Amino acid sequence: MAKLTKLDDIVSLCKRRGFIFQSSEIYGGLASCYDYGPLGVELKNNVKRAWWKNVVQMRDDVVGLDASIFMHPLIWKASGHADKFADLVSECKKCNTRTRVDHLQDSETGTKKAEEHAEHVSMATEESKQYNLANKVCPNCGAVGQFTAPMPFKLMFETQMGANAEDSMTMYLRPETAQGIFANFRNVLDTTRVKVPFGIAQVGKSFRNEVTTKAFIFRTREFEQAELEFFCEPGTDEQWYEHWKEQRCNWYLNLGLKKENLRFRDHDPDELAHYAKACVDVEYRFPFGSGDWQELEGIANRTDYDLRQHQRGMRTLNRWYESGRDLTKIKLADEAEDYQSGPLSYFDEEKKARYIPYVIEPSAGMDRSTLAFLVDAYDEEEVRGETRNLLRFHPALAPIKAAIFPLVKKEGMPEIARSIYDDLKRRFNCFYDEKGAVGRRYRRQDEAGTPFCITVDGQTLQDQTVTIRERDSMEQVRIATAQVRSYLYDKLDL
Ligand code: GAP
(Lines give C-alpha, C1' and ligand atoms only; values in the text may rest on other atoms or scores of the structure.)
Protein backbone atom coordinates (compact mmCIF):
# COMPACT_ATOMS: atom_id res chain seq x y z
CA MET A 1 0.00 0.00 0.00
CA ALA A 2 3.03 2.27 0.24
CA LYS A 3 2.70 2.84 -3.53
CA LEU A 4 -0.82 4.23 -3.16
CA THR A 5 0.40 6.77 -0.64
CA LYS A 6 3.01 7.87 -3.11
CA LEU A 7 0.49 8.94 -5.76
CA ASP A 8 -1.51 10.75 -3.06
CA ASP A 9 1.69 12.50 -1.98
CA ILE A 10 2.35 13.56 -5.55
CA VAL A 11 -1.19 14.82 -6.11
CA SER A 12 -0.95 16.87 -2.95
CA LEU A 13 2.50 18.25 -3.81
CA CYS A 14 1.23 19.14 -7.30
CA LYS A 15 -1.64 21.11 -5.77
CA ARG A 16 0.42 22.70 -2.99
CA ARG A 17 3.23 23.89 -5.25
CA GLY A 18 1.18 24.83 -8.31
CA PHE A 19 2.08 22.03 -10.69
CA ILE A 20 -1.41 20.69 -11.46
CA PHE A 21 -4.93 21.74 -10.41
CA GLN A 22 -8.33 20.14 -10.97
CA SER A 23 -10.05 21.94 -13.85
CA SER A 24 -12.86 24.37 -12.90
CA GLU A 25 -12.12 23.84 -9.22
CA ILE A 26 -13.99 26.97 -8.13
CA TYR A 27 -17.14 25.38 -9.62
CA GLY A 28 -16.62 22.10 -7.79
CA GLY A 29 -14.22 20.65 -10.39
CA LEU A 30 -14.64 18.94 -13.75
CA ALA A 31 -13.84 15.23 -13.64
CA SER A 32 -10.88 13.99 -15.68
CA CYS A 33 -9.78 17.49 -16.75
CA TYR A 34 -6.72 19.18 -15.26
CA ASP A 35 -4.97 22.54 -15.46
CA TYR A 36 -1.20 22.94 -15.36
CA GLY A 37 -0.14 25.67 -12.94
CA PRO A 38 2.99 27.87 -13.05
CA LEU A 39 5.46 25.05 -12.29
CA GLY A 40 3.46 22.41 -14.18
CA VAL A 41 3.36 24.32 -17.45
CA GLU A 42 7.16 24.73 -17.33
CA LEU A 43 7.61 21.02 -16.59
CA LYS A 44 5.29 19.85 -19.36
CA ASN A 45 6.79 22.31 -21.85
CA ASN A 46 10.23 20.92 -20.96
CA VAL A 47 9.01 17.34 -21.55
CA LYS A 48 7.66 18.38 -24.96
CA ARG A 49 10.86 20.30 -25.75
CA ALA A 50 13.01 17.30 -24.80
CA TRP A 51 10.92 15.06 -27.07
CA TRP A 52 11.16 17.54 -29.96
CA LYS A 53 14.91 17.96 -29.48
CA ASN A 54 15.46 14.20 -29.53
CA VAL A 55 13.02 13.25 -32.30
CA VAL A 56 13.29 16.29 -34.62
CA GLN A 57 16.17 18.65 -33.83
CA MET A 58 18.89 16.03 -33.36
CA ARG A 59 17.98 14.03 -36.47
CA ASP A 60 18.48 14.75 -40.17
CA ASP A 61 15.60 12.52 -41.22
CA VAL A 62 12.63 13.99 -39.31
CA VAL A 63 10.72 17.24 -39.90
CA GLY A 64 8.03 18.88 -37.78
CA LEU A 65 4.38 19.79 -38.32
CA ASP A 66 1.55 21.48 -36.44
CA ALA A 67 -1.77 20.48 -38.02
CA SER A 68 -5.11 21.90 -36.95
CA ILE A 69 -7.28 19.98 -34.51
CA PHE A 70 -10.34 20.20 -36.76
CA MET A 71 -9.89 18.27 -39.96
CA HIS A 72 -12.13 17.26 -42.84
CA PRO A 73 -14.63 14.72 -41.44
CA LEU A 74 -13.77 12.23 -44.21
CA ILE A 75 -10.34 11.85 -42.64
CA TRP A 76 -12.02 9.99 -39.76
CA LYS A 77 -14.03 7.83 -42.14
CA ALA A 78 -10.87 6.88 -44.04
CA SER A 79 -8.77 6.30 -40.91
CA GLY A 80 -11.41 3.94 -39.53
CA HIS A 81 -12.09 6.02 -36.41
CA ALA A 82 -15.63 7.06 -37.40
CA ASP A 83 -16.75 3.42 -37.58
CA LYS A 84 -14.39 1.54 -35.30
CA PHE A 85 -13.03 3.78 -32.57
CA ALA A 86 -15.21 2.71 -29.67
CA ASP A 87 -15.08 0.88 -26.35
CA LEU A 88 -17.40 -1.98 -25.53
CA VAL A 89 -19.47 -0.95 -22.51
CA SER A 90 -22.13 -2.57 -20.39
CA GLU A 91 -24.71 -0.86 -18.18
CA CYS A 92 -25.52 -1.95 -14.64
CA LYS A 93 -29.30 -2.55 -14.40
CA LYS A 94 -29.26 -1.50 -10.74
CA CYS A 95 -27.51 1.86 -10.89
CA ASN A 96 -27.31 2.57 -14.67
CA THR A 97 -23.56 3.14 -14.57
CA ARG A 98 -21.71 2.21 -17.76
CA THR A 99 -18.34 0.47 -17.49
CA ARG A 100 -15.88 -0.83 -20.07
CA VAL A 101 -16.39 -4.59 -20.16
CA ASP A 102 -12.65 -5.20 -20.20
CA HIS A 103 -12.39 -3.25 -16.92
CA LEU A 104 -14.95 -5.34 -15.00
CA GLN A 105 -13.75 -7.41 -12.06
CA ASP A 106 -14.81 -10.97 -11.38
CA SER A 107 -16.74 -11.38 -8.08
CA GLU A 108 -14.86 -14.55 -7.06
CA THR A 109 -11.33 -14.08 -8.28
CA GLY A 110 -11.18 -10.29 -8.35
CA THR A 111 -9.37 -10.55 -11.68
CA LYS A 112 -9.92 -8.60 -14.87
CA LYS A 113 -9.32 -9.62 -18.42
CA ALA A 114 -5.84 -9.32 -19.87
CA GLU A 115 -7.03 -6.86 -22.53
CA GLU A 116 -7.33 -4.09 -19.99
CA HIS A 117 -3.73 -3.28 -20.83
CA ALA A 118 -4.85 -2.00 -24.21
CA GLU A 119 -5.78 1.66 -24.37
CA HIS A 120 -8.57 0.83 -26.78
CA VAL A 121 -9.35 -2.34 -28.59
CA SER A 122 -10.38 -2.93 -32.16
CA MET A 123 -14.16 -3.15 -32.31
CA ALA A 124 -13.99 -5.81 -35.01
CA THR A 125 -12.05 -8.03 -32.58
CA GLU A 126 -14.18 -7.10 -29.60
CA GLU A 127 -17.54 -7.73 -31.20
CA SER A 128 -16.52 -11.24 -32.17
CA LYS A 129 -15.70 -12.11 -28.54
CA GLN A 130 -18.14 -13.64 -26.13
CA TYR A 131 -18.17 -11.89 -22.79
CA ASN A 132 -19.46 -13.76 -19.76
CA LEU A 133 -20.70 -11.01 -17.47
CA ALA A 134 -22.55 -13.32 -15.00
CA ASN A 135 -19.88 -12.98 -12.30
CA LYS A 136 -18.89 -9.39 -12.91
CA VAL A 137 -19.20 -6.78 -10.17
CA CYS A 138 -20.44 -3.25 -10.77
CA PRO A 139 -17.63 -0.90 -9.66
CA ASN A 140 -20.24 1.71 -8.70
CA CYS A 141 -22.89 -0.14 -6.63
CA GLY A 142 -21.35 -3.61 -6.12
CA ALA A 143 -24.22 -5.54 -7.77
CA VAL A 144 -23.11 -8.85 -9.30
CA GLY A 145 -24.16 -10.13 -12.73
CA GLN A 146 -26.54 -7.25 -13.42
CA PHE A 147 -25.06 -6.11 -16.71
CA THR A 148 -26.81 -5.49 -20.02
CA ALA A 149 -25.38 -6.98 -23.23
CA PRO A 150 -22.19 -5.15 -24.25
CA MET A 151 -22.60 -2.29 -26.73
CA PRO A 152 -20.08 -0.05 -28.50
CA PHE A 153 -19.57 3.45 -27.11
CA LYS A 154 -17.98 5.87 -29.61
CA LEU A 155 -14.98 7.73 -28.28
CA MET A 156 -14.77 10.72 -30.62
CA PHE A 157 -16.28 14.01 -29.46
CA GLU A 158 -18.61 15.56 -32.01
CA THR A 159 -19.45 19.18 -32.66
CA GLN A 160 -21.05 21.26 -35.39
CA MET A 161 -19.19 23.65 -37.70
CA GLY A 162 -20.68 26.35 -39.90
CA ALA A 163 -23.37 28.97 -39.30
CA ASN A 164 -25.65 28.22 -42.27
CA ALA A 165 -27.75 25.07 -42.53
CA GLU A 166 -26.54 24.30 -46.08
CA ASP A 167 -22.84 24.24 -45.26
CA SER A 168 -22.88 23.18 -41.62
CA MET A 169 -21.44 19.76 -40.87
CA THR A 170 -20.61 17.40 -38.05
CA MET A 171 -16.98 17.69 -37.04
CA TYR A 172 -14.82 15.64 -34.70
CA LEU A 173 -12.23 16.64 -32.17
CA ARG A 174 -9.20 14.58 -33.22
CA PRO A 175 -8.63 11.46 -31.12
CA GLU A 176 -4.98 11.24 -32.28
CA THR A 177 -2.60 13.73 -33.88
CA ALA A 178 -1.35 11.12 -36.38
CA GLN A 179 -4.00 11.75 -39.04
CA GLY A 180 -2.90 15.38 -39.46
CA ILE A 181 0.48 13.97 -40.47
CA PHE A 182 -0.91 11.51 -43.04
CA ALA A 183 -3.11 14.26 -44.49
CA ASN A 184 0.03 16.40 -45.02
CA PHE A 185 2.29 13.65 -46.37
CA ARG A 186 2.06 14.95 -49.96
CA ASN A 187 2.55 18.59 -48.87
CA VAL A 188 5.72 17.74 -46.98
CA LEU A 189 7.08 15.62 -49.84
CA ASP A 190 6.43 18.42 -52.35
CA THR A 191 7.87 21.27 -50.31
CA THR A 192 10.94 19.82 -48.59
CA ARG A 193 13.91 17.70 -49.63
CA VAL A 194 12.91 14.68 -47.55
CA LYS A 195 13.45 11.22 -49.03
CA VAL A 196 12.18 7.90 -47.71
CA PRO A 197 13.13 6.86 -45.03
CA PHE A 198 12.00 10.00 -43.20
CA GLY A 199 9.61 11.03 -40.46
CA ILE A 200 7.08 13.77 -39.70
CA ALA A 201 6.61 14.67 -36.04
CA GLN A 202 3.92 16.60 -34.23
CA VAL A 203 2.94 17.47 -30.66
CA GLY A 204 -0.60 18.51 -29.84
CA LYS A 205 -3.91 18.00 -28.10
CA SER A 206 -6.13 14.99 -28.65
CA PHE A 207 -9.58 14.26 -27.26
CA ARG A 208 -11.38 11.03 -26.39
CA ASN A 209 -14.67 10.61 -24.59
CA GLU A 210 -13.12 7.93 -22.36
CA VAL A 211 -15.58 5.69 -20.51
CA THR A 212 -13.22 5.27 -17.59
CA THR A 213 -10.82 8.01 -16.68
CA LYS A 214 -8.04 7.12 -14.32
CA ALA A 215 -5.51 8.17 -11.74
CA PHE A 216 -4.95 11.92 -11.87
CA ILE A 217 -3.54 12.89 -15.30
CA PHE A 218 -2.98 9.28 -16.44
CA ARG A 219 -6.16 8.90 -18.52
CA THR A 220 -8.13 12.05 -19.23
CA ARG A 221 -10.57 13.17 -21.91
CA GLU A 222 -8.32 15.97 -23.18
CA PHE A 223 -4.61 15.18 -23.39
CA GLU A 224 -1.49 15.88 -25.35
CA GLN A 225 0.33 13.47 -27.64
CA ALA A 226 3.77 13.55 -29.26
CA GLU A 227 3.65 11.40 -32.35
CA LEU A 228 6.11 10.50 -35.06
CA GLU A 229 5.08 8.86 -38.32
CA PHE A 230 8.25 7.43 -39.81
CA PHE A 231 7.84 6.50 -43.49
CA CYS A 232 10.00 3.69 -44.83
CA GLU A 233 10.25 1.29 -47.73
CA PRO A 234 8.11 -1.85 -47.32
CA GLY A 235 10.43 -4.65 -46.27
CA THR A 236 12.56 -2.34 -44.10
CA ASP A 237 9.71 -1.73 -41.62
CA GLU A 238 10.74 -4.38 -39.08
CA GLN A 239 14.24 -2.97 -38.90
CA TRP A 240 12.90 0.58 -38.31
CA TYR A 241 10.46 -0.76 -35.73
CA GLU A 242 13.41 -2.12 -33.74
CA HIS A 243 15.31 1.15 -34.22
CA TRP A 244 12.47 3.24 -32.78
CA LYS A 245 11.88 0.86 -29.87
CA GLU A 246 15.46 1.38 -28.81
CA GLN A 247 15.43 5.14 -29.40
CA ARG A 248 12.27 5.72 -27.45
CA CYS A 249 13.27 3.59 -24.49
CA ASN A 250 16.62 5.41 -24.29
CA TRP A 251 14.85 8.77 -24.30
CA TYR A 252 13.06 7.95 -21.05
CA LEU A 253 16.19 6.46 -19.48
CA ASN A 254 18.40 9.41 -20.47
CA LEU A 255 15.92 11.79 -18.86
CA GLY A 256 16.26 9.92 -15.62
CA LEU A 257 13.48 7.32 -15.43
CA LYS A 258 14.76 4.36 -13.42
CA LYS A 259 15.43 1.28 -15.52
CA GLU A 260 13.61 -1.01 -13.09
CA ASN A 261 10.39 1.00 -13.64
CA LEU A 262 10.41 0.69 -17.44
CA ARG A 263 9.70 -2.29 -19.69
CA PHE A 264 8.37 -3.30 -23.12
CA ARG A 265 5.16 -5.29 -23.57
CA ASP A 266 4.31 -6.74 -26.98
CA HIS A 267 0.64 -6.68 -27.98
CA ASP A 268 -1.07 -10.03 -28.55
CA PRO A 269 -2.45 -10.38 -32.09
CA ASP A 270 -6.08 -9.99 -30.89
CA GLU A 271 -5.20 -6.81 -29.02
CA LEU A 272 -3.79 -4.93 -32.02
CA ALA A 273 -5.47 -1.72 -33.19
CA HIS A 274 -7.29 -2.00 -36.53
CA TYR A 275 -4.34 -0.45 -38.41
CA ALA A 276 -1.39 -2.27 -36.84
CA LYS A 277 0.76 -5.20 -37.95
CA ALA A 278 2.75 -5.14 -34.69
CA CYS A 279 2.70 -2.97 -31.59
CA VAL A 280 4.71 -2.74 -28.41
CA ASP A 281 3.97 -0.63 -25.36
CA VAL A 282 6.63 1.11 -23.35
CA GLU A 283 5.25 0.53 -19.86
CA TYR A 284 6.02 2.34 -16.62
CA ARG A 285 5.38 1.04 -13.13
CA PHE A 286 2.94 3.72 -11.95
CA PRO A 287 2.13 3.80 -8.23
CA PHE A 288 -1.60 3.23 -8.38
CA GLY A 289 -3.99 0.32 -8.26
CA SER A 290 -1.97 -2.70 -7.33
CA GLY A 291 1.18 -1.06 -8.61
CA ASP A 292 0.51 -2.35 -12.12
CA TRP A 293 2.59 -1.68 -15.16
CA GLN A 294 0.76 0.79 -17.40
CA GLU A 295 1.21 2.07 -20.94
CA LEU A 296 3.36 5.15 -21.33
CA GLU A 297 3.82 5.03 -25.09
CA GLY A 298 2.80 2.76 -27.97
CA ILE A 299 5.12 1.95 -30.88
CA ALA A 300 3.21 0.52 -33.83
CA ASN A 301 3.93 -0.77 -37.29
CA ARG A 302 0.98 0.83 -39.15
CA THR A 303 2.06 -0.63 -42.51
CA ASP A 304 0.75 1.34 -45.52
CA TYR A 305 -2.78 1.26 -44.02
CA ASP A 306 -3.31 5.00 -43.47
CA LEU A 307 -1.96 6.33 -46.77
CA ARG A 308 -3.95 3.70 -48.67
CA GLN A 309 -7.09 4.54 -46.72
CA HIS A 310 -6.69 8.25 -47.45
CA GLN A 311 -6.43 7.50 -51.15
CA ARG A 312 -9.82 5.80 -50.75
CA GLY A 313 -11.06 8.74 -48.68
CA MET A 314 -10.11 11.20 -51.46
CA ARG A 315 -12.22 9.11 -53.90
CA THR A 316 -15.18 9.32 -51.49
CA LEU A 317 -15.47 13.12 -51.62
CA ASN A 318 -18.34 13.24 -54.16
CA ARG A 319 -20.36 10.68 -52.22
CA TRP A 320 -19.93 12.77 -49.12
CA TYR A 321 -21.24 15.95 -50.83
CA GLU A 322 -24.13 13.99 -52.32
CA SER A 323 -25.05 12.60 -48.88
CA GLY A 324 -25.48 16.16 -47.57
CA ARG A 325 -22.11 15.94 -45.79
CA ASP A 326 -23.24 13.07 -43.63
CA LEU A 327 -20.60 10.45 -42.84
CA THR A 328 -23.15 8.04 -41.46
CA LYS A 329 -24.87 7.78 -44.86
CA ILE A 330 -21.84 6.86 -46.95
CA LYS A 331 -19.56 3.94 -47.60
CA LEU A 332 -15.86 4.46 -48.25
CA ALA A 333 -14.94 4.14 -51.95
CA ASP A 334 -13.12 0.98 -53.02
CA GLU A 335 -9.39 1.04 -53.48
CA ALA A 336 -8.26 1.86 -57.03
CA GLU A 337 -6.65 -1.07 -58.80
CA ASP A 338 -3.51 0.97 -59.41
CA TYR A 339 -3.37 2.23 -55.81
CA GLN A 340 0.41 1.72 -55.71
CA SER A 341 0.81 4.70 -58.06
CA GLY A 342 -1.92 6.81 -56.44
CA PRO A 343 -1.55 10.41 -55.17
CA LEU A 344 -0.09 9.34 -51.82
CA SER A 345 2.52 7.03 -53.31
CA TYR A 346 6.24 7.76 -53.35
CA PHE A 347 8.68 7.58 -56.23
CA ASP A 348 12.04 6.25 -55.15
CA GLU A 349 14.56 8.00 -57.46
CA GLU A 350 17.40 5.65 -56.69
CA LYS A 351 15.45 2.45 -57.16
CA LYS A 352 13.26 3.87 -59.93
CA ALA A 353 10.30 2.31 -58.15
CA ARG A 354 6.97 3.65 -56.91
CA TYR A 355 5.34 2.38 -53.73
CA ILE A 356 3.25 3.40 -50.72
CA PRO A 357 5.60 3.69 -47.75
CA TYR A 358 5.14 1.70 -44.56
CA VAL A 359 4.90 3.64 -41.31
CA ILE A 360 6.46 3.09 -37.90
CA GLU A 361 4.71 5.18 -35.28
CA PRO A 362 6.07 5.93 -31.81
CA SER A 363 3.16 7.64 -30.02
CA ALA A 364 3.82 9.11 -26.59
CA GLY A 365 1.45 10.78 -24.13
CA MET A 366 2.93 14.02 -22.86
CA ASP A 367 0.70 14.16 -19.75
CA ARG A 368 1.47 10.55 -18.94
CA SER A 369 5.20 11.13 -19.42
CA THR A 370 4.97 14.20 -17.19
CA LEU A 371 3.30 12.05 -14.51
CA ALA A 372 5.98 9.36 -14.87
CA PHE A 373 8.77 11.95 -14.55
CA LEU A 374 7.06 13.40 -11.46
CA VAL A 375 6.59 9.98 -9.84
CA ASP A 376 10.12 8.88 -10.60
CA ALA A 377 11.69 12.13 -9.37
CA TYR A 378 9.71 12.27 -6.13
CA ASP A 379 11.71 11.55 -2.99
CA GLU A 380 11.54 12.05 0.75
CA GLU A 381 14.55 11.88 3.05
CA GLU A 382 15.41 12.62 6.64
CA VAL A 383 17.81 15.53 7.06
CA ARG A 384 18.79 16.52 10.60
CA GLY A 385 15.52 15.19 12.04
CA GLU A 386 13.32 16.82 9.39
CA THR A 387 11.70 15.37 6.28
CA ARG A 388 13.04 16.84 3.08
CA ASN A 389 10.63 16.48 0.10
CA LEU A 390 12.32 16.81 -3.21
CA LEU A 391 11.89 16.24 -6.93
CA ARG A 392 15.09 14.88 -8.43
CA PHE A 393 14.28 16.09 -11.96
CA HIS A 394 16.80 15.80 -14.77
CA PRO A 395 18.04 19.41 -15.29
CA ALA A 396 16.50 19.52 -18.78
CA LEU A 397 13.05 18.91 -17.24
CA ALA A 398 13.34 21.02 -14.09
CA PRO A 399 10.79 23.90 -14.25
CA ILE A 400 13.27 26.31 -12.64
CA LYS A 401 16.94 25.80 -13.45
CA ALA A 402 18.42 28.07 -10.80
CA ALA A 403 17.19 30.10 -7.82
CA ILE A 404 19.13 33.16 -6.69
CA PHE A 405 19.09 34.39 -3.09
CA PRO A 406 20.71 37.20 -1.13
CA LEU A 407 21.55 35.73 2.30
CA VAL A 408 20.07 38.81 4.00
CA LYS A 409 18.13 41.82 2.71
CA LYS A 410 20.87 44.34 3.39
CA GLU A 411 24.48 45.42 2.73
CA GLY A 412 23.96 45.45 -1.04
CA MET A 413 23.37 41.68 -1.26
CA PRO A 414 19.92 41.98 -2.94
CA GLU A 415 21.41 44.23 -5.65
CA ILE A 416 24.18 41.73 -6.49
CA ALA A 417 21.73 38.79 -6.40
CA ARG A 418 19.34 40.71 -8.69
CA SER A 419 22.07 41.41 -11.21
CA ILE A 420 22.98 37.68 -11.35
CA TYR A 421 19.28 36.87 -11.71
CA ASP A 422 18.82 39.45 -14.50
CA ASP A 423 21.73 37.95 -16.42
CA LEU A 424 20.64 34.31 -16.02
CA LYS A 425 16.92 34.75 -16.69
CA ARG A 426 17.66 35.82 -20.25
CA ARG A 427 19.03 32.32 -20.82
CA PHE A 428 16.82 29.99 -18.82
CA ASN A 429 14.03 29.97 -16.28
CA CYS A 430 15.23 31.34 -12.91
CA PHE A 431 13.68 32.41 -9.63
CA TYR A 432 14.65 35.25 -7.29
CA ASP A 433 13.78 34.95 -3.58
CA GLU A 434 14.84 37.14 -0.66
CA LYS A 435 12.15 36.20 1.88
CA GLY A 436 12.65 34.10 5.02
CA ALA A 437 15.49 31.93 6.33
CA VAL A 438 17.81 30.65 3.62
CA GLY A 439 17.26 27.02 4.78
CA ARG A 440 13.54 27.33 4.09
CA ARG A 441 14.22 28.89 0.72
CA TYR A 442 16.42 25.86 -0.18
CA ARG A 443 13.63 23.49 0.89
CA ARG A 444 11.06 25.26 -1.26
CA GLN A 445 13.33 24.90 -4.29
CA ASP A 446 13.97 21.20 -3.47
CA GLU A 447 10.23 20.65 -3.62
CA ALA A 448 10.03 22.42 -6.98
CA GLY A 449 12.92 20.31 -8.29
CA THR A 450 15.31 23.26 -8.87
CA PRO A 451 18.79 21.76 -9.43
CA PHE A 452 20.86 24.79 -8.31
CA CYS A 453 20.55 27.56 -5.70
CA ILE A 454 22.97 30.49 -5.82
CA THR A 455 23.48 32.49 -2.64
CA VAL A 456 25.08 35.92 -2.33
CA ASP A 457 26.55 36.27 1.21
CA GLY A 458 28.99 38.33 3.25
CA GLN A 459 31.99 36.86 1.47
CA THR A 460 30.58 37.95 -1.91
CA LEU A 461 31.13 41.54 -0.79
CA GLN A 462 34.80 40.75 -0.07
CA ASP A 463 35.88 38.58 -2.99
CA GLN A 464 33.04 38.51 -5.61
CA THR A 465 32.30 34.81 -5.09
CA VAL A 466 28.95 33.10 -4.48
CA THR A 467 27.91 29.65 -3.25
CA ILE A 468 26.12 27.23 -5.56
CA ARG A 469 24.18 24.49 -3.78
CA GLU A 470 23.32 21.33 -5.66
CA ARG A 471 19.82 19.93 -4.97
CA ASP A 472 20.46 16.17 -4.72
CA SER A 473 23.69 16.12 -2.68
CA MET A 474 23.03 19.47 -0.94
CA GLU A 475 26.76 20.15 -1.40
CA GLN A 476 27.92 23.70 -1.90
CA VAL A 477 30.78 25.01 -3.98
CA ARG A 478 32.07 28.55 -4.00
CA ILE A 479 32.86 30.11 -7.37
CA ALA A 480 33.53 33.54 -8.82
CA THR A 481 30.36 35.47 -9.70
CA ALA A 482 31.71 35.95 -13.22
CA GLN A 483 31.81 32.18 -13.72
CA VAL A 484 28.23 31.40 -12.61
CA ARG A 485 26.82 31.47 -16.10
CA SER A 486 29.34 29.07 -17.68
CA TYR A 487 29.27 26.81 -14.60
CA LEU A 488 25.49 26.40 -14.93
CA TYR A 489 25.61 25.92 -18.70
CA ASP A 490 28.06 23.13 -18.20
CA LYS A 491 26.06 21.41 -15.44
CA LEU A 492 22.62 21.90 -16.99
CA ASP A 493 23.77 20.51 -20.34
CA LEU A 494 21.24 22.71 -22.17
N1 GAP B 1 -1.78 7.26 -32.88
C2 GAP B 1 -1.73 6.11 -32.03
C3 GAP B 1 -2.39 6.32 -30.76
O4 GAP B 1 -3.05 7.31 -30.54
P5 GAP B 1 -2.75 5.23 -28.41
O6 GAP B 1 -2.06 4.04 -27.79
O7 GAP B 1 -4.22 5.25 -28.43
O8 GAP B 1 -2.15 5.31 -29.89
C9 GAP B 1 -0.83 6.82 -27.66
O10 GAP B 1 -2.22 6.55 -27.71
C11 GAP B 1 -0.47 7.40 -26.31
O12 GAP B 1 -1.28 8.54 -26.03
C13 GAP B 1 -0.69 6.45 -25.13
O14 GAP B 1 0.40 5.59 -24.95
C15 GAP B 1 -0.83 7.43 -23.98
O16 GAP B 1 0.44 7.83 -23.50
C17 GAP B 1 -1.51 8.62 -24.62
N18 GAP B 1 -2.95 8.58 -24.34
C19 GAP B 1 -3.91 7.91 -25.02
N20 GAP B 1 -5.12 8.11 -24.48
C21 GAP B 1 -4.93 8.93 -23.42
C22 GAP B 1 -5.79 9.52 -22.43
N23 GAP B 1 -7.10 9.33 -22.46
N24 GAP B 1 -5.24 10.31 -21.47
C25 GAP B 1 -3.91 10.54 -21.45
N26 GAP B 1 -3.04 10.03 -22.36
C27 GAP B 1 -3.54 9.23 -23.32
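A quick note: this is a predicted structure, and the numbers were derived from the prediction, not measured. (Residues numbered from 1 in each chain as written. Predicted model: local features only at pLDDT ≥ 70, side-chain atom pairs only at ≥ 80, totals over all residues. Heavy atoms only, no water.)

## Here's the deal with the sheet that holds strand β18 (residues 358-365)
Link 1 in the chain: Strand order in this open sheet of seven strands is β3-β11-β12-β18-β15-β14-β13, and the pairing throughout is mixed. Each edge of the open sheet is held by one strand with a lone partner, namely β3 (62-64) and β13 (262-266). The mean inter-strand angle of the sheet, taken between neighbouring strand axes irrespective of direction, is 25°.
Link 2 in the chain: Here strand β15 (residues 293-303) runs beside β18; their pairing, made up of six bridges, is antiparallel. Within β18, the position partnered with I299 by the bridge is P362. (Pairing = 2+ DSSP bridges. Helix = DSSP H or I, 4+ residues; strand = E, 2+ residues; numbered from the N terminus. Axes fitted to C-alpha atoms, helices over the stretch in contact; angles between N-to-C directions.)

## Here we look at the site of the ligand
Link 1 in the chain: Around the ligand lies a shell of 20 residues, among which E176, E210, T220, E227 and E295 are the nearest.
Link 2 in the chain: Note that a nitrogen atom of the ligand is positioned 2.5 Å from one of the side-chain N or O atoms of E227.
Link 3 in the chain: Within the backbone of G365, an N or O atom sits 3.1 Å from an oxygen atom of the ligand.
Link 4 in the chain: Those elements that place two or more of their residues in the shell around the ligand are β12 (222-232), β15 and β18.
Link 5 in the chain: The element contributing the most residues to the shell around the ligand is β15, with five residues.
Link 6 in the chain: In terms of residue class, the shell around the ligand is made up of four nonpolar, five polar and eleven charged. (Near = heavy atom within 4 Å. Polar contact = N/O pair within 3.5 Å; in protein donor to acceptor, adjacent residues only side chain to side chain. Nonpolar A, V, L, I, M, F, W, Y, C, P; charged D, E, K, R; others polar.)

## Let's talk about the pairing of strand β4 (residues 86-91)
Link 1 in the chain: Counting buried positions along β4 gives six out of six residues, so the element sits mostly inside the fold.
Link 2 in the chain: Here β4 pairs with strand β8 (residues 151-154) via four bridges, running antiparallel. Directly across from L88, in β8, lies its bridge partner P152.
Link 3 in the chain: One ladder, built from three bridges, connects β4 with strand β5 (residues 98-100); its direction is antiparallel. Directly across from V89, in β5, lies its bridge partner R100. (Buried < 20%, exposed > 50% of the residue type's maximum accessible area, 1.4 Å probe, protein only.)

## A few points about the sheet that holds strand β25 (residues 476-480)
Link 1 in the chain: Taken in spatial order, the five strands line up as β22-β21-β23-β24-β25 in an open sheet, and their pairing is mixed. Each end of this open sheet is capped by a strand with a single partner; those strands are β22 (430-432) and β25. Taking the axes of each pair of neighbouring strands and ignoring which way they run, one obtains an average angle of 25° across the sheet.
Link 2 in the chain: As paired elements, strand β23 (residues 452-456) and strand β24 (residues 465-470) share four bridges and run antiparallel to each other.

## Remarks on the packing of helix α2 (residues 38-57) against helix α11 (residues 366-377)
Link 1 in the chain: Here α2 crosses α11 at 110°, and the two axes come no closer than 10 Å. One way to sum up the angle between α2 and α11 is to call them roughly perpendicular. Only M366, D367, S369, T370, F373 and L374 of α11 make contact with α2, whose side of the interface consists of L43, K44, V47, K48 and W51.
Link 2 in the chain: When grouped by side-chain class, the residues that make up the contact of α2 with α11 number six nonpolar, two polar and three charged. (Parallel < 35°, antiparallel > 145°, perpendicular 65-115°, else oblique. Contact = heavy atoms within 4.5 Å.)

## Considerations on the packing of aromatic side chains
What characterises a pair of aromatic rings is the spacing of the ring centres plus the angle enclosed by the ring planes.
Link 1 in the chain: Summed over the entire model, instances satisfying the criterion amount to 22 aromatic pairs.
Link 2 in the chain: Between Y34 and F216, the aromatic rings sit 5.3 Å apart at their centres with planes inclined by 80°, giving edge-to-face as the arrangement. Residue Y34 is located in strand β2 (residues 34-36), and its partner F216 is located in the loop between β11 (198-207) and β12; the two are separated by 182 residues in the primary sequence.
Link 3 in the chain: The ring of Y432 is capped by R418, whose NZ or CZ atom sits 4.1 Å from the centre of that ring.
Link 4 in the chain: If you follow R469 out to its NZ or CZ, it ends over the ring of Y442, 4.5 Å from the centre. (Phe/Tyr/Trp six-rings, centres within 6.5 Å; stacked < 30°, edge-to-face > 60°. Lys NZ or Arg CZ within 6 Å of the ring centre and 35° of its normal.)

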